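# Observations on the model geometry
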Amino acid sequence: MKPMRFYSACLYCGAELKGRADKKFCDPQCKSAHQYQQAKQNPERFYNKVDNQLKLNRRLLKNFNKAGKATIRKEQLLQAGFDPNFFTHYWKNNKGDVYLFVYEYGFLKKTENNTDKYILVQWQDYMN
Ligand SMILES: [Zn+2]
(Lines give C-alpha, C1' and ligand atoms only; values in the text may rest on other atoms or scores of the structure.)
Protein backbone atom coordinates (compact mmCIF):
# COMPACT_ATOMS: atom_id res chain seq x y z
CA MET A 1 0.00 0.00 0.00
CA LYS A 2 1.28 3.41 -0.95
CA PRO A 3 1.65 5.77 1.97
CA MET A 4 -0.78 8.65 1.78
CA ARG A 5 0.71 12.08 1.62
CA PHE A 6 -1.05 15.23 2.65
CA TYR A 7 -0.07 18.54 1.25
CA SER A 8 -0.99 21.80 2.83
CA ALA A 9 -0.40 25.33 1.70
CA CYS A 10 1.37 28.21 3.44
CA LEU A 11 -1.28 30.37 5.09
CA TYR A 12 0.43 33.48 3.80
CA CYS A 13 1.74 32.88 0.28
CA GLY A 14 -0.07 29.66 -0.58
CA ALA A 15 3.08 27.74 -1.48
CA GLU A 16 2.94 24.00 -1.00
CA LEU A 17 4.36 22.95 2.34
CA LYS A 18 6.59 19.97 2.77
CA GLY A 19 7.75 18.40 5.96
CA ARG A 20 5.91 18.30 9.25
CA ALA A 21 2.15 17.93 8.94
CA ASP A 22 1.46 20.70 11.45
CA LYS A 23 3.52 23.21 9.51
CA LYS A 24 1.51 26.28 8.50
CA PHE A 25 4.09 28.55 6.90
CA CYS A 26 7.09 28.21 4.59
CA ASP A 27 9.35 30.20 6.86
CA PRO A 28 9.38 32.71 9.73
CA GLN A 29 9.01 35.59 7.23
CA CYS A 30 5.71 34.22 5.94
CA LYS A 31 4.60 33.63 9.51
CA SER A 32 5.31 37.18 10.64
CA ALA A 33 3.82 38.68 7.46
CA HIS A 34 0.69 36.65 8.13
CA GLN A 35 0.48 37.79 11.76
CA TYR A 36 0.90 41.42 10.68
CA GLN A 37 -1.85 41.01 8.10
CA GLN A 38 -4.15 39.45 10.71
CA ALA A 39 -3.50 42.29 13.15
CA LYS A 40 -4.29 44.84 10.42
CA GLN A 41 -7.47 43.03 9.46
CA ASN A 42 -8.48 42.82 13.07
CA PRO A 43 -7.62 46.16 14.68
CA GLU A 44 -10.44 45.81 17.23
CA ARG A 45 -8.95 42.67 18.67
CA PHE A 46 -5.53 44.25 19.00
CA TYR A 47 -7.03 47.39 20.53
CA ASN A 48 -9.02 45.33 23.03
CA LYS A 49 -6.00 43.30 23.99
CA VAL A 50 -3.94 46.42 24.71
CA ASP A 51 -6.86 48.12 26.42
CA ASN A 52 -7.54 45.14 28.68
CA GLN A 53 -3.90 44.79 29.67
CA LEU A 54 -3.62 48.51 30.46
CA LYS A 55 -6.74 48.32 32.62
CA LEU A 56 -5.43 45.27 34.45
CA ASN A 57 -2.01 46.89 34.93
CA ARG A 58 -3.60 50.04 36.32
CA ARG A 59 -5.83 48.06 38.68
CA LEU A 60 -2.86 46.06 40.00
CA LEU A 61 -0.65 49.12 40.47
CA LYS A 62 -3.50 50.83 42.28
CA ASN A 63 -4.18 47.83 44.54
CA PHE A 64 -0.53 47.34 45.44
CA ASN A 65 0.03 51.05 45.98
CA LYS A 66 -2.60 52.20 48.42
CA ALA A 67 -0.23 54.49 50.32
CA GLY A 68 0.96 56.44 47.26
CA LYS A 69 4.36 54.78 47.37
CA ALA A 70 5.27 51.12 47.75
CA THR A 71 7.87 48.49 46.93
CA ILE A 72 6.83 45.09 45.72
CA ARG A 73 8.61 42.00 44.44
CA LYS A 74 8.48 41.85 40.64
CA GLU A 75 7.38 38.21 40.76
CA GLN A 76 4.37 39.04 42.90
CA LEU A 77 3.15 41.65 40.43
CA LEU A 78 3.77 39.43 37.38
CA GLN A 79 1.96 36.52 38.99
CA ALA A 80 -1.07 38.74 39.44
CA GLY A 81 -1.10 39.31 35.66
CA PHE A 82 0.91 42.52 35.38
CA ASP A 83 2.70 43.01 32.04
CA PRO A 84 5.41 45.72 32.20
CA ASN A 85 5.42 46.08 28.39
CA PHE A 86 2.09 47.87 28.50
CA PHE A 87 2.25 51.43 29.83
CA THR A 88 0.97 54.83 28.76
CA HIS A 89 3.90 57.18 29.27
CA TYR A 90 7.08 57.68 31.26
CA TRP A 91 8.78 60.15 33.52
CA LYS A 92 12.50 60.55 34.07
CA ASN A 93 13.75 61.97 37.35
CA ASN A 94 16.92 64.07 37.71
CA LYS A 95 18.93 60.94 38.53
CA GLY A 96 17.97 59.46 35.18
CA ASP A 97 15.62 56.81 36.57
CA VAL A 98 12.81 56.16 34.10
CA TYR A 99 9.46 55.53 35.74
CA LEU A 100 6.91 53.92 33.46
CA PHE A 101 3.33 54.94 34.03
CA VAL A 102 -0.03 53.30 33.48
CA TYR A 103 -2.19 56.40 33.62
CA GLU A 104 -1.58 57.90 37.10
CA TYR A 105 0.28 54.88 38.54
CA GLY A 106 3.99 54.50 37.93
CA PHE A 107 6.55 51.76 38.42
CA LEU A 108 10.33 51.54 38.35
CA LYS A 109 12.25 48.28 38.23
CA LYS A 110 14.98 47.98 40.81
CA THR A 111 17.21 45.10 41.87
CA GLU A 112 17.90 44.85 45.61
CA ASN A 113 19.70 41.90 47.22
CA ASN A 114 19.47 39.97 43.92
CA THR A 115 15.70 40.36 43.93
CA ASP A 116 13.87 42.24 41.19
CA LYS A 117 11.45 44.70 42.66
CA TYR A 118 9.19 47.46 41.50
CA ILE A 119 9.03 50.82 43.20
CA LEU A 120 5.45 52.00 42.83
CA VAL A 121 4.61 55.68 42.74
CA GLN A 122 1.71 57.91 41.87
CA TRP A 123 1.74 60.68 39.31
CA GLN A 124 2.51 64.07 40.91
CA ASP A 125 1.93 67.55 39.56
CA TYR A 126 5.67 68.29 39.39
CA MET A 127 6.11 65.46 36.87
CA ASN A 128 4.36 67.46 34.18
ZN1 LIG B 1 4.78 31.17 2.46
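The structure reproduced in this document is the subject of the present report. (Residues numbered from 1 in each chain as written. Predicted model: local features only at pLDDT ≥ 70, side-chain atom pairs only at ≥ 80, totals over all residues. Heavy atoms only, no water.)

Below, the discussion takes up the pattern of salt bridges. Evaluated as defined, the whole model comprises 5 salt bridges. Among the ionic pairs, Arg58 bridges to Glu104, the shortest N-O distance being 2.7 Å. A residue pair is termed long-range when its members are at least 10 positions apart, and Arg58 in helix H2 (residues 43–64) and Glu104 in the loop between strand E5 (98–102) and strand E6 (105–112) qualify at 46 residues. Classification of Arg58 as partly exposed rests on a relative accessible area of 26%. Across the pair Glu112 and Lys117 runs a salt bridge, and its minimum N-O distance is 3.2 Å. Taking relative accessible area as the criterion, Lys117 reaches 18% and is therefore assigned buried. (Salt bridge = Lys/Arg side-chain N within 4 Å of Asp/Glu carboxyl O. Helix = DSSP H or I, 4+ residues; strand = E, 2+ residues; numbered from the N terminus. Buried < 20%, exposed > 50% of the residue type's maximum accessible area, 1.4 Å probe, protein only.)

Time to look at the coordination of the zinc ion. Donor atoms from the polypeptide that bind the zinc ion are Cys10 (SG), Cys13 (SG), Cys26 (SG) and Cys30 (SG), placed at 2.1 to 2.3 Å. Seen from the zinc ion, its 4 donor atoms lie at angles of 102 to 116°, and the figure they make is tetrahedral. Written as a sequence motif, the donor residues of the zinc ion are C-x2-C-x12-C-x3-C. Taken together, the residues Cys13 in the loop between strand E1 (8–9) and strand E2 (16–17) and Cys26 in the loop between E2 and helix H1 (28–41) connect sequence positions 13 residues apart. With relative accessibility at 45%, the residue Cys13 sits in the partly exposed group. (Donors = N, O, S within 2.8 Å, 3.2 Å for Na, K, Ca; no water. Tetrahedral: all angles 85-135°; square planar, octahedral: opposite > 155°, others 65-115°.)

Here the focus is unusual backbone geometry. Phi at Tyr103 takes a positive value of approximately 55°, unusual for a residue other than glycine. What makes Tyr103 partly exposed here is its relative accessible area of 39%. The phi dihedral of Asn113 falls on the positive side, at around 50°, and the residue is not glycine. Of note, Asn113 is situated in the loop between E6 and strand E7 (115–122).

Attention now moves to the side chain of Gln53. Relative to the elements of secondary structure, Gln53 occurs in helix H2. Judged by relative accessible area, Gln53 falls into the buried class, the value being 18%. Those residues in contact with Gln53 that sit more than four places away from it in its chain are Gly81, Phe82, Asp83 and Phe86. (Contact = heavy atoms within 4.5 Å.)

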